[in-house]
Amino acid sequence: MHMFRSVVSHRSMRMAALFCLLFSASILLCLVFADSASPAVSEGTWQETLNGFTIVGVALVAAMIASLMTRHRLLRKRRYATSRSEQIPLLDAIFYQAPIAIGIVKGEILVELNQELCTLTGFARDELLKKPYRKLFANSDEGVANELSNTDSFAMLSNGTCECVWQCKDGRRLNVLLSAREYGEESSSGATSFFVHDVTSAKTVEQQLRANEAYYHTMIDLAVDGILIGDQEGQIIEANHRICTMLLMEREALVGKHITRIPFAAQSLKENPFRFDLVQQGKTILSERAFERPDGSVIFLEMRSKMMPDGTYQSICRDITLRKQTEQALRESDEKFTLAFAASPDSININRMEDGMYVAINQGFSDLTGYSWDTVQGKTSAELNIWHDPADRERLLAELQTKGYCNNLEAIFRKKDGSLGTGLLSARPIQLNNVPHILSITRDITEKKQAAADLERLKVAIEQVAEMVVITDAQGRIHYANPAFTETAGYSFDEVYLRNPRMLKSGKHDATFYAALWKTIASGRTWSGKMVNRKKNGELYTIESTISPVFDQHGAIVNYVAIKRDITDQLRLEAQYHQAQKMESIGRLTGGVAHDFNNMLAVIIGYAEMALVKISAEHSGYADIERILEAAHRSADIVQQLLAFARKQAITPKVIQLNHLVDGILNMLRRLIGEAIDLRWNPGTELPLIRIDPVQVDQVLANLCINARDAIHGNGTIELRTSFVVLQEDFCRKHPGAQPGPHVVLQVIDNGCGIKQDQLDKIFDPFFTTKGQQGTGLGLATVYGIVIENNGIVTVDSLPGSGATFSVYLPAHDQGYALDGSVQNCEQPLLGTGEIILLVEDDPGILELCRSMLTSLGYTVSTASSPSQALEEAMLHQEDIDLLLTDVIMPEMNGTQLAQEIVKICPVARLLFMSGYTDDILGQHGVPYEEIHFLQKPFDLKTLSEKVREVLDAPVDAR
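The following refers to the structure shown. Predicted model only: the values in this text are computed from it and were never measured.

**Notes on the overall build of the chain**
Turning to step 1, where the next piece is worked out: A tally of regular secondary structure across the chain gives 32 helices and 32 strands.
Turning to step 2, where the next piece is worked out: Within the chain, buried positions represent 40% of all 959 residues.
Turning to step 3, where the next piece is worked out: Counting only contacts in the chain whose residues sit at least 6 apart along the sequence, the fraction spanning at least 24 positions is 54%.
Turning to step 4, where the next piece is worked out: With an accessible surface of roughly 53,700 Å², the chain has 55% of that area assigned to carbon and sulfur atoms.

**As for the nonpolar core**
Turning to step 1, where the next piece is worked out: Counting 41 residues, the largest nonpolar core has Leu669, Leu701, Leu704, Ile718, Leu720, Phe806 and Val808 as its most contacted members.
Turning to step 2, where the next piece is worked out: It is helix α24 (residues 658-673) that provides the largest number of residues to this core, a total of eight residues.
Turning to step 3, where the next piece is worked out: Not counting residues within four places of it along the chain, the set of residues in contact with Leu720 comprises Val662, Leu666, Leu669, Leu679, Arg680, Trp681, Asn682, Leu701, Cys705, Gln747 and Val748.
Turning to step 4, where the next piece is worked out: Ranked by size, the runner-up nonpolar core spans 24 residues in total, among them Val279, Phe291, Met303 and Cys317.

**Things to note about the packing of aromatic side chains**
For any two aromatic rings, the description comes down to two numbers: the centre-to-centre distance and the angle of the planes.
Turning to step 1, where the next piece is worked out: Using the criterion set out here, one finds twelve aromatic pairs in the structure.
Turning to step 2, where the next piece is worked out: For the ring pair Phe137 and Trp166, a centre distance of 6.1 Å and an interplane angle of 70 degrees mean the geometry is edge-to-face. Taken together, the residues Phe137 in the loop between α5 (125-128) and α6 (142-149) and Trp166 in strand β3 (residues 161-167) connect sequence positions 29 residues apart. The exposure classification of Phe137 matches that of Trp166, with both residues buried.

**What about the side chain of Asp940?**
Turning to step 1, where the next piece is worked out: With respect to the element layout, Asp940 can be found in the loop between β32 (934-936) and α32 (941-953).
Turning to step 2, where the next piece is worked out: Buried charged residue Asp940 carries no salt bridge. Nearest counter-charge: Lys942, at 5.7 Å.
Turning to step 3, where the next piece is worked out: Side chain to side chain, Asp940 and Thr943 meet in a polar contact 2.5 Å long.
Turning to step 4, where the next piece is worked out: Discounting residues that sit within four places of it in the chain, Asp940 has contacts with Ile605, Glu609, His633 and Met853.

**Things to note about the pairing of strand β7 (residues 236-239)**
Turning to step 1, where the next piece is worked out: Examined bridge by bridge, strand β6 (residues 226-230) and β7 share three bridges and lie antiparallel to one another. Bridged to Leu228 within β7 is Ala239.
Turning to step 2, where the next piece is worked out: Hairpin connection, β6 to β7: the antiparallel pair is bridged by five residues, and Gly234 has positive phi, about 105 degrees.

**Things to note about α32**
Turning to step 1, where the next piece is worked out: Between its terminal C-alpha atoms α32 stretches 18 Å, which fits the 18 Å expected from 13 residues at 1.5 Å a residue.
Turning to step 2, where the next piece is worked out: Of all the positions in α32, only Leu941, Leu944, Ser945, Glu946, Lys947, Val948, Arg949, Val951 and Leu952 are classed as buried.

**Some details on the pattern of salt bridges**
Turning to step 1, where the next piece is worked out: In total, this model carries 29 salt bridges according to the counting rule given.
Turning to step 2, where the next piece is worked out: When the shortest N-O distance is used, the salt bridge between Asp277 and Arg275 registers 2.9 Å.
Turning to step 3, where the next piece is worked out: For Glu841, the salt bridge identified is with Lys937, shortest N-O distance 2.9 Å. You can see Glu841 sitting in the loop between β28 (836-840) and α28 (844-856) and its partner Lys937 sitting in the loop between β32 and α32, a full 96 residues away along the chain. In terms of burial, Glu841 and Lys937 fall into one category: buried.
Turning to step 4, where the next piece is worked out: Here the salt bridges do not stand alone but share partners, grouping Glu288, Glu302, Arg323 and Lys324 into one network.

**Concerning the environment of Arg323**
Turning to step 1, where the next piece is worked out: With respect to the element layout, Arg323 can be found in helix α12 (residues 321-332).
Turning to step 2, where the next piece is worked out: Not counting chain neighbours up to four residues away, the residues in contact with Arg323 comprise Glu288, Glu302 and Gln431.
Turning to step 3, where the next piece is worked out: Within the local environment of Arg323, its side chain forms a polar contact with the side chain of Glu288, the two groups lying 2.7 Å apart.

**Looking at the environment of Gly370**
Turning to step 1, where the next piece is worked out: Structurally, Gly370 is set in the loop between α14 (363-369) and α15 (373-376).
Turning to step 2, where the next piece is worked out: With relative accessibility at 41%, the residue Gly370 sits in the partly exposed group.
Turning to step 3, where the next piece is worked out: With 45 residues separating them in the primary sequence, Gly370 and Lys415 have C-alpha atoms 6.3 Å apart.
Turning to step 4, where the next piece is worked out: For Gly370, the contacting residues outside a window of four places in its chain are Phe365 and Lys416.

**With respect to the packing of α24 against helix α25 (residues 694-711)**
Turning to step 1, where the next piece is worked out: Where α24 contacts α25, the two axes come as close as 10 Å, and the packing angle between them is 40 degrees. Put simply, α24 runs oblique to α25. The two elements α24 and α25 cross, and the hand of that crossing is right-handed. Contacts between α24 and α25 involve Leu658, Leu661, Val662, Ile665, Leu669, Leu672 and Ile673 from the former and Pro694, Val697, Asp698, Leu701, Ala702, Cys705, Ile706 and Arg709 from the latter.

**Comments concerning the sheet that holds strand β30 (residues 883-887)**
Turning to step 1, where the next piece is worked out: With respect to topology, five strands assemble into an open sheet ordered β29-β28-β30-β31-β32, the strand pairing being parallel. Of all the strands in the sheet, the pair left with one neighbour each is β29 (860-864) and β32. Here the strands of the sheet are splayed against their neighbours by 20 degrees on average, with no regard to which way each runs.
Turning to step 2, where the next piece is worked out: Taken together, the four bridges between β28 and β30 define a ladder with parallel strand orientation. Of the residues in β30, the one forming a bridge with Ile837 is Leu883.
Turning to step 3, where the next piece is worked out: Along the sheet, α28 makes contact with β28, β29, β30 and β31 (910-915), crossing β29 at roughly 170 degrees.
Turning to step 4, where the next piece is worked out: Those strands touched by helix α29 (residues 867-877) are β28 and β29, and its axis lies near 140 degrees from that of β29.

**Notes on the pairing of β6**
Turning to step 1, where the next piece is worked out: Across the five residues that make up β6, a large majority, five, are buried.
Turning to step 2, where the next piece is worked out: Here β6 shows two buried faces, one formed by Gly226, Leu228 and Gly230 and the other by Ile227 and Ile229.
Turning to step 3, where the next piece is worked out: Note that β6 and strand β10 (residues 313-319) share five bridges and pair antiparallel. Bridge pairing in β10 places Leu228 opposite Ser315.

**Topic: the packing of α28 against α32**
Turning to step 1, where the next piece is worked out: Between α28 and α32, the least distance of the axes is 10 Å, while the angle of their chain directions is 70 degrees. When the interaxial angle is binned, α28 and α32 end up roughly perpendicular. Regarding α28 and α32, the two cross each other, and that crossing is right-handed. Between α28, through Met853, Leu854 and Ser856, and α32, the contact on the second element is made entirely by Leu941, Leu944 and Val948.
Turning to step 2, where the next piece is worked out: For the contact of α28 with α32, a count of residues per class yields five nonpolar, one polar and no charged.

**A look at the sheet that holds strand β16 (residues 468-473)**
Turning to step 1, where the next piece is worked out: Spatially, five strands are ordered β17-β16-β20-β19-β18 in an open sheet, and the strand pairing comes out antiparallel. Here the strands that pair on one side only, and so sit at the sheet edges, are β17 (478-481) and β18 (527-534). Going from strand to strand, the sheet's axes swing by 30 degrees on average, the running direction of each strand aside.
Turning to step 2, where the next piece is worked out: With nine bridges connecting them, strand β19 (residues 540-551) and strand β20 (residues 557-566) associate as antiparallel partners. Bridge pairing links Ser548 to Val561 in β20.

Cut-offs and rules
- By convention here, each chain's residues receive numbers from 1 onward along its written sequence.
- Local features in this predicted model are restricted to residues whose pLDDT is 70 or higher, and side-chain atom pairs enter the listing and the counts only when it is 80 or higher, whereas totals over whole chains, interfaces and linings include all residues.
- Calculated side-chain values reflect all of the structure's heavy atoms, with hydrogen atoms and water omitted.
- Secondary structure elements are taken from DSSP: a helix is a run of H or I of four residues or more, a strand is a run of E of two residues or more, and numbering for both begins at the N terminus.
- Think of it in three bands: with a 1.4 Å probe and only protein chains considered, a residue is buried below 20% of the maximum accessible area for its type, exposed above 50%, and partly exposed in between.
- The contact criterion used is simple: two residues touch if any of their non-hydrogen atoms lie within 4.5 Å.
- Throughout, the Shrake-Rupley method with a 1.4 Å probe supplies accessible areas, and for residues the shown protein chains are the sole cover considered.
- Among buried residues, the Ala, Val, Leu, Ile, Met, Phe, Trp, Tyr and Cys ones that are joined through side-chain atoms within 4.5 Å form a nonpolar core.
- Note on ring pairs: Phe, Tyr and Trp rings are taken, using the six-membered ring of Trp, and paired if centres are within 6.5 Å. Classes follow the plane angle, with under 30 degrees stacked, over 60 edge-to-face and the rest tilted.
- By the counting rule applied here, Lys and Arg register as positive and Asp and Glu as negative, while His and the ends of each chain are not counted.
- Throughout this description, the term salt bridge denotes a Lys or Arg side-chain nitrogen within 4 Å of a carboxyl oxygen of Asp or Glu.
- We call two N or O atoms a polar contact when they sit within 3.5 Å, provided that within protein one can donate a hydrogen and the other can accept it, with sequence-adjacent residues counted only if both atoms are side-chain atoms.
- DSSP-based pairing: two strands are paired if at least 2 bridges between them are found.
- Expected helix span is given by 1.5 Å per residue-to-residue step, counting one fewer step than there are residues.
- What counts as an axis is a line fitted to C-alpha atoms, over the stretch in contact for a helix, and the angles between N-to-C directions run from 0 to 180 degrees.
- Orientation categories follow fixed angle ranges, with anything under 35 degrees roughly parallel, anything over 145 roughly antiparallel, 65 to 115 roughly perpendicular, and all other angles oblique.
- Less than a right angle of anticlockwise turn of the near helix away from the far helix marks a crossing as left-handed, whereas a clockwise turn marks it as right-handed.
- Three categories are distinguished: nonpolar for Ala, Val, Leu, Ile, Met, Phe, Trp, Tyr, Cys and Pro, charged for Asp, Glu, Lys and Arg, and polar for the others, with Gly belonging to the last.

Put into structure tokens, the structure is as follows:
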């Protein structure tokens, strides 16, 4: 009806319907009229006519209905086309903006794809569009691609989903889930749409889970304890190898059984039923159970069962058969044990392992500690404070846990009366009523320990004491000598055993001396005195000895004990100390003279240099002033050499050429060694530079030449030689302290008496000398100290009667072979740029000289003759002061104290100290030479300019 109403609503349709009705009505009227008007017409003729009209009418009606139906179909198609055109933009938006990768394949060609597919694979849209879809498949999935290409369409693979591997543009491989469907309403289109899901991460997680599961199963199977795993209902789902070995059952026989159906011994189940319901409630069940194995044997297991968070339960089973058998044996021998427990003279006690509570003690325990059973019952060892060191009990427990036993643990215990004793304890763990206990047996070794300790202390004291201890019998035969004696005398104990000490006589004492000694000790008195003995090698040594007799219970002398102390070195040190005092006095004198002399030389050098600047070289007095300046510099060098010999000079390392330095000291060395000895100089060629204080080189050469001179009796030669060498690893291994690399070698070679082999290892030791009272033993020690201070080494080669060769190895400087401007002073003074310098000096001559020199260099100078005046000047200028140049030793306060006050007023001021005093005197006034900028008097204009410029150019925090 709806279709009909829709159709007839159209105007033309309504007209056609009206025409059909009128036509039908006219036919009926004609038939009626003809029937009434012509009755003579035969009935057959009318019937035929009527049939004809009827057929025509039916045909017309059928045509009209067909026309209506065709019209309805056209209208329906028009409405669908209109609806489709409205939906296309929405479908396109969904296709291109979908968060999953989508594509359309026709044949083997990608005819459409969205942006998510490009993002997933890394290809641009143009690189995939109109290209074969095989491009997306990795080589390992070529079979999937071939299978897809062999089907009529992409969707015919399964018209569903498959998993395959795609390869991105950058080579990455993706595990993807590919879903395909036929595209369009008609199956004849030949196009297939597909959807892609990246499942790479899920595959990785899945593989990790499989690996973890395999590792978990491996760990369970390798466990030393038996493990059963079941579900929440109690069905066993896993059994490891150990539990199968314990029960002598195959894994298949256990898996699938209920936990309560495994072969528990009937008596065990009867006494202690397995409560799986408690496990299901989340409780941990710990029990000991017996199992009947297929071969009829019984095994005892300690079984711990617990429900896990994932709904499964685990039972950990440990074999305690041996322990149970031991407990049974103990129970069977309880009567014997009780008898032995009570009758043992040693202390026996049983304590609960958890807290140390006593559960049994014997009479031996009471005798040892003073505690009765009534006193210790129910108490712990901690409450009784019986362990002197609680850590001893921790050691006991640790050994029981790791070893299962403890043997001969020595511990100090506290008795009831508070006194301490020493016990030797052995213990074993035991089970009493399924509770761990400790069975301990302790033997009192207090007296034995004390006696052993006393004996050991006495032995150690005698063995380690520095004094020599010798014990003889009443006839004077040696029965004991400690290591100090054998080390000093050079004899082994076997060599002196049962021999008389007269073997040590030196010949320095007459028979009267020894007769008086023996008379004193034989009368029962103690003798004390000094004597000279002779070592095995013939060397003499002086001892201070005390010899006392030892009496037996009847008063008879049975032994003599001699305590001897070697005082040879002490006597030598005393002599050296007197010599050192003399040198110290000379050093103090030298330091004082150097201060005044340096101040005078500073004035001479300063004004002479300034005079040379003021006159021309053609002036008649120019050469005279140069001579004055040369003499002043030479005088300053002499002062420095005096300080070097007195070891009072400040250390100022410089990069130097060693040959040049040796050239400059040759004349002084010739005067030092005398005319009878020929000093030869053999310099090496192409030596690299070294970094060292030149004064230290003078000191090394002087000491080595003096040492060589003293080794020559009469006429002889001393040769100085330099060379270049590259030290190798083999050489450095043989000479500790040596470093591989280039070195400059300075050698001093003499043809003197040489050095004994047993003295070669000692010649660099302080105060060691072979010159007797004439030597200080400090010369070669000073050489050694200087060389080591400069990262070098010194070696000696000598044989008695063949002279000696001392070789000093000094590392080459990185600068190479030639001095550059950074090391060698420039020819012209360095000028200032108007910086303000506060000059403080209490000597008027030095003050005026420095002011003139600094002014000539282009600096603005503010002077002060005392620290108080300097502080006033600082307050006036404050932050304008760039540099404080101050003397160190002044009245009111020293230079360091003044600098501290100046920095408070002028925080940015640099600091430069100057003095004519030596390094050790400066140190007494709080000036650590190595930590400050220091200018040694006397100095010339060039040195002053360079030092001032160096300090001004340095950072403030480096002052």
